[in-house]
Amino acid sequence: MPALSQKKLYTETDYYNLPEDVRAELIDGQIYYQAAPSRIHQKILMSVSKTIANYIDTKGGSCEVYPAPFAVKLREDQKTIVEPDISVICAPNKLTDRGCTGAPDWIIEIVSPGNSSHDYIRKLNLYADAGVREYWIVNPINKSIYVYHLEETKFETTAYTFQDKIKVNIYDDLWIDFTEINL
């Protein structure tokens, strides 16, 4: 019987040794390359990041907002480093020179046509397992937003559209109004 071919397992060292101009994530020891984002993707990213950052600044909050590329090492296993489109981290001790170690409080992913299952399935499970308190999937193609809010050990899900003003669960008085993003 022929031997089964083995997949190469990559590590944190391999991830950090990638060329600087290469966008990729390391998930369970596998490298997933990412294409450059679209203009609409970037417009949503900038608008939402700015709204969150302005809110935190106005409130004098301790949380910090980091748009991609920003490395998030969800666990100490050295086999998973993701680059969420937007990461909100409220525990300063999780921040390092290389990014974030541990689960951010809130992650927003903006779906690209070639990676939707990556955000809807693979990352959803990773983020739930890591203890991310809130996870949003923004889909500019069908103009939908899925909000996953961690309740105890599982995500509660609510669906919205780009016509909605959405309450952020980790804050008492922050709303993101998608009608204000001129797409």
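Just so it is clear, the model here is predicted, and its values are computed rather than measured. (Residues numbered from 1 in each chain as written. Predicted model: local features only at pLDDT ≥ 70, side-chain atom pairs only at ≥ 80, totals over all residues. Heavy atoms only, no water.)

Counting 26 residues, the largest nonpolar core has I52, W106, W136, Y171 and F178 as the members making the most contacts within it. Those elements giving two or more residues to this core turn out to be α2 (39-59), β6 (86-89), β9 (106-110), β10 (134-139) and β11 (144-151). The biggest single contributor to this core is α2, with six residues. If we skip the residues at most four places from it in the chain, Y171 touches Y55, I56, C63, V88, C90 and W106. Grouped together as the second largest cluster of nonpolar side chains are 19 residues, L74, A103, L124 and L126 included. (Core = buried A, V, L, I, M, F, W, Y, C linked by side-chain atoms within 4.5 Å. Buried < 20%, exposed > 50% of the residue type's maximum accessible area, 1.4 Å probe, protein only. Helix = DSSP H or I, 4+ residues; strand = E, 2+ residues; numbered from the N terminus. Contact = heavy atoms within 4.5 Å.)

Its 15 residues give helix α3 (residues 116-130) an end-to-end C-alpha distance of 20 Å, which sits within 8% of 21 Å, the value for a rise of 1.5 Å per residue. At K123, α3 shows its largest bend, some 40°. Every buried residue belonging to α3 is among H118, D119, K123, L124, L126 and Y127, and all of these are buried. Positive phi appears at G131, one or two residues downstream of α3, with a value of about 95°. (Expected span 1.5 Å × (residues − 1). Bend = angle between axes of the 7 residues up to and from the residue.)

Turning to the packing of aromatic side chains, a few remarks are in order. Working definition: an aromatic ring pair is given by the centre-to-centre distance plus the angle between the planes. Under the definition given, this model contains ten aromatic pairs. Taking the centre distance of 5.0 Å and the plane angle of 80° together, the rings of Y15 and Y16 count as edge-to-face. Ring pairing ties together the aromatic residues W106, W136, F162 and F178, which thus form one cluster. When the ring centre of Y16 is taken as origin, the NZ or CZ atom of R98, which lies over that ring, is 3.8 Å away. (Phe/Tyr/Trp six-rings, centres within 6.5 Å; stacked < 30°, edge-to-face > 60°. Lys NZ or Arg CZ within 6 Å of the ring centre and 35° of its normal.)

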